[in-house]
Amino acid sequence: MAIKRIPEFRIGAHSHIKGLGLDEKGKAMFIGDGMVGQEEAREAAGLIVRLIKSGKLAGRAILLVGPPGVGKTAIAIAISKELGPDVPFVALSGSSVYSAEVKKTEVLMRAFRKAIGVRFRERRRVLEGEVVEFEPHFVTDPWNPYRRRVKSAKLTLRTKSERVTFKVAPEVAEEMLARGVTPGMVVMIDKETGRVAVLGISEEASAEYKYDIGRVQTVPVPSGPVEKEREFTYVLTLDDLDIMFHRQKTGGGLLSLLFGGVEERKEIDETTRAEVDQFVKKNVEEGKAEIIPGVLFIDDCHTLDIECWSFISRALESELAPIVIFATNRGLTRIPGTNEVSPFGIPLDLLDRMLILPCYPYDQNEIREIIKIRAKTENIPLSDDALEELVKIGHEHGLRYAVMLMAPAYEHAKLNGHDKVTKEDVEFVKKRFISIDEGVKYLREYETKLLR
Ligand SMILES: Nc1ncnc2c1ncn2[C@@H]1O[C@H](COP(=O)(O)OP(=O)(O)OP(=O)(O)O)[C@@H](O)[C@H]1O
Ligand SMILES: [Mg+2]
């Protein structure tokens, strides 16, 4: 029997968002980086990005509020795009802290630690150059006559100004063989550990490596001496370090690497975390590392209960805290786990310390532009009157609903041989899939007939 195939791709609801769309003075363009309107919130978000980048907001909290579909999640995504690749950005939906296997505070703790990066700087002595000659010497393995072992190798490296020949230890030679090192390749060898990295094929030798299929990166022949000191930087998060330290202790070794290391379900103990913090502190004090506070984004934060909130308050006070951005569409509501009603469902003492960023419903012009962008991203051709119908629906029932109707409307169009979505296609699906406000009306009408 044929197995049903699930399409390989899904178009993310926010895939059109590339940034905040601000000019060099931080002013929002009406349309920019896939964002439309909501200018004030975007400009405020731009200031937050600046503060984050200069490390001035660690341990602070920001709250995005507004009705459903006004772009709160979109703005958070745009912030992450603006921050660049080195600043950690962790997104989490409030409800994902509730799992059967892991304590909710552990889920939060890991998210907090994933949101803090540590940039390590290391100076190492390396040998770098184009391989001119690589000659391994083999001997027969005394324990297994069918196997040949590398005893050593002769390696000649050249730069633009120098050519040096080395005798290479067996392990390094094995590694070079395993990586398929041949003359013409530019390699870098860590002098202390013997780790080999292939940087590419030298520009001069690249003519011999022309393939129809296959990617070969060409690099210039290095200049300067073969042996030099190089600075390496890499960013790890506190969570990465927790896992590394944990693995060392439990001796998980290769097996744990194969099976993905620490499973999300397992908990990392307090002592390991304290050791990691000590290790980071020491490296920072010695000038070998630098802390990069990242962003933890908690969407739909009204689902967090009072225990989560008290954990968050404490975590924000700690020395190594990220910037936390919350978003919610709730007004005055009960804090889960209590009988207390509070603005946005957030305990007042925490709310008091948050920078609150409001988002407002869109006008028709903004809705039109957002729908146009979404149609382009999802490859859905819309006729002019279908677009206007969607704008009207978005205005009356929310942008999210209008955007969600586009895909089924296109299916209906295709079934009926239209090459573009027509107004009728939109009306057809509008009748068959209802919006939340219509859902509420429906409930009121049939309340007594539904099971309770
Ligand atoms: N200003 C905008 N520019 C471009 N696209 C937007 C904008 N605002 C919202 N969108 C898009 O509209 C859809 C709904 O927005 P989003 O999910 O961000 O709303 P939200 O405020 O987070 O709503 P909720 O409270 O329901 O979570 C998404 O596909 C989003 O990418
Ligand atoms: Mg949202």
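It should be emphasised that the depicted structure is a prediction, and the values quoted were computed from it without experimental measurement.

Cut-offs and rules
Residues numbered from 1 in each chain as written. Chains lettered and ligands numbered in written order. Predicted model: local features only at pLDDT ≥ 70, side-chain atom pairs only at ≥ 80, totals over all residues. pLDDT = per-residue confidence, 0-100. Contact = placed C-beta atoms within 7 Å. Core = buried A, V, L, I, M, F, W, Y, C linked by C-beta atoms within 7 Å. Buried ≥ 20, exposed ≤ 12 C-beta atoms within 10 Å, placed from the backbone. Helix = DSSP H or I, 4+ residues; strand = E, 2+ residues; numbered from the N terminus. Near = placed C-beta within 6 Å. Domains from an automatic or database assignment. Expected span 1.5 Å × (residues − 1). Nonpolar A, V, L, I, M, F, W, Y, C, P; charged D, E, K, R; others polar. Pairing = 2+ DSSP bridges. Axes fitted to C-alpha atoms, helices over the stretch in contact; angles between N-to-C directions.

J.: Would you mind showing me how to read the confidence of the model for the protein chain here?
T.: Parts of the prediction with low pLDDT should not have their coordinates interpreted in detail. With 92% of its residues at a pLDDT of 70 or more, the protein chain has an overall mean of 86. Here residues 1-10 is a poorly scored stretch, pLDDT under 50, and it has zero contacts once near neighbours within four places are set aside; other chains count. Of the regions scoring below 50 in pLDDT, residues 253-262 engages in eight contacts with residues more than four places distant in sequence or in other chains.

J.: Would you explain the nonpolar core in this entry?
T.: Soluble globular proteins tend to bury their nonpolar side chains together. Grouped together as the largest cluster of nonpolar side chains are 84 residues, with contacts concentrated most on Leu64 and Ile325. Ranked by residues supplied to this core, first place goes to helix 12 (residues 399-415) with nine residues. Setting aside residues up to four positions removed in sequence, Leu64 forms contacts with Lys72, Ile75, Ala76, Ile325, Phe326, Ala327, Leu357 and Cys359. Of all hydrophobic cores here, the second largest spans 16 residues; its members include Val172, Ala173, Val186 and Ile201.

J.: Would you mind going over the site of ligand 1 with me for this structure?
T.: Of all residues adjacent to ligand 1, which total 21 residues, the nearest are Pro68, Gly71, Lys72, Thr73 and Asn329. Secondary-structure elements contributing two or more residues to the shell around ligand 1 are strand 2 (35-36), helix 2 (72-83) and helix 12. Here the shell around ligand 1 spans two domains, and each of domain 1 (36-97 + 104-115 + 294-358) and domain 4 (364-446) adds at least three residues to it.

J.: In this structure, what is going on with helix 8 (residues 306-317)? I would like to understand it.
T.: In an α-helix there are 3.6 residues to a turn, and that puts residues three or four apart on one side. Counted at 1.5 Å a residue, the expected span for helix 8 with its 12 residues is 16 Å, and the 17 Å between its end C-alpha atoms agrees. For helix 8, the secondary structure elements touched by its buried residues are helix 3 (104-114) and helix 9 (348-351).

J.: Quick question: what am I supposed to make of the domain arrangement of the protein chain here?
T.: By a frequent convention, interface size equals the accessible area lost on bringing the separate parts together. We note that the domain assignment places domain 1 (36-97 + 104-115 + 294-358), domain 2 (122-233), domain 3 (238-285) and domain 4 (364-446) within the protein chain. Of note, the centres of domain 1 and domain 4, computed from C-alpha atoms alone, are 31 Å apart. Counting residues at the interface gives four residues for domain 1 and seven residues for domain 4. Residues of the side of domain 1 that touches domain 4, tallied by class, amount to two nonpolar, two polar and no charged.

J.: For this particular structure, what's the right way to read the sheet that holds strand 3 (residues 61-65)?
T.: Adjacent strands of a sheet form backbone hydrogen bonds with each other and so pair up, either parallel or antiparallel. Across the sheet, five strands lie side by side as 4-13-14-3-17; this open sheet has parallel pairing. Both outer strands of the open sheet, strand 4 (89-93) and strand 17 (354-358), are each paired with one neighbouring strand and no more. The sheet shows a mean angle of 20° between the axes of neighbouring strands, taken without regard to direction. Where strand 3 meets strand 14 (residues 323-328), five bridges bridge the pair, whose relative direction is parallel. Bridge pairing in strand 14 places Leu63 opposite Phe326. Across the face of the sheet, helix 1 (residues 39-53) comes into contact with strand 3, strand 13 (295-299), strand 14 and strand 17 while running at roughly 150° to strand 17. Strand contacts of helix 2: strand 3, strand 4, strand 13 and strand 14, with the helix running at about 165° to strand 13, the strand carrying the most contacts.

J.: I would appreciate a short explanation of helix 1 in the present structure.
T.: If you check helix 1, its first and last C-alpha atoms are 21 Å apart, about what 15 residues at 1.5 Å a residue would give, namely 21 Å. Along helix 1, the positions that sit buried rather than exposed are Ala41, Arg42, Ala44, Ala45, Gly46, Ile48, Val49 and Ile52. Gly55 sits one or two residues past helix 1 and shows a positive phi near 70°.

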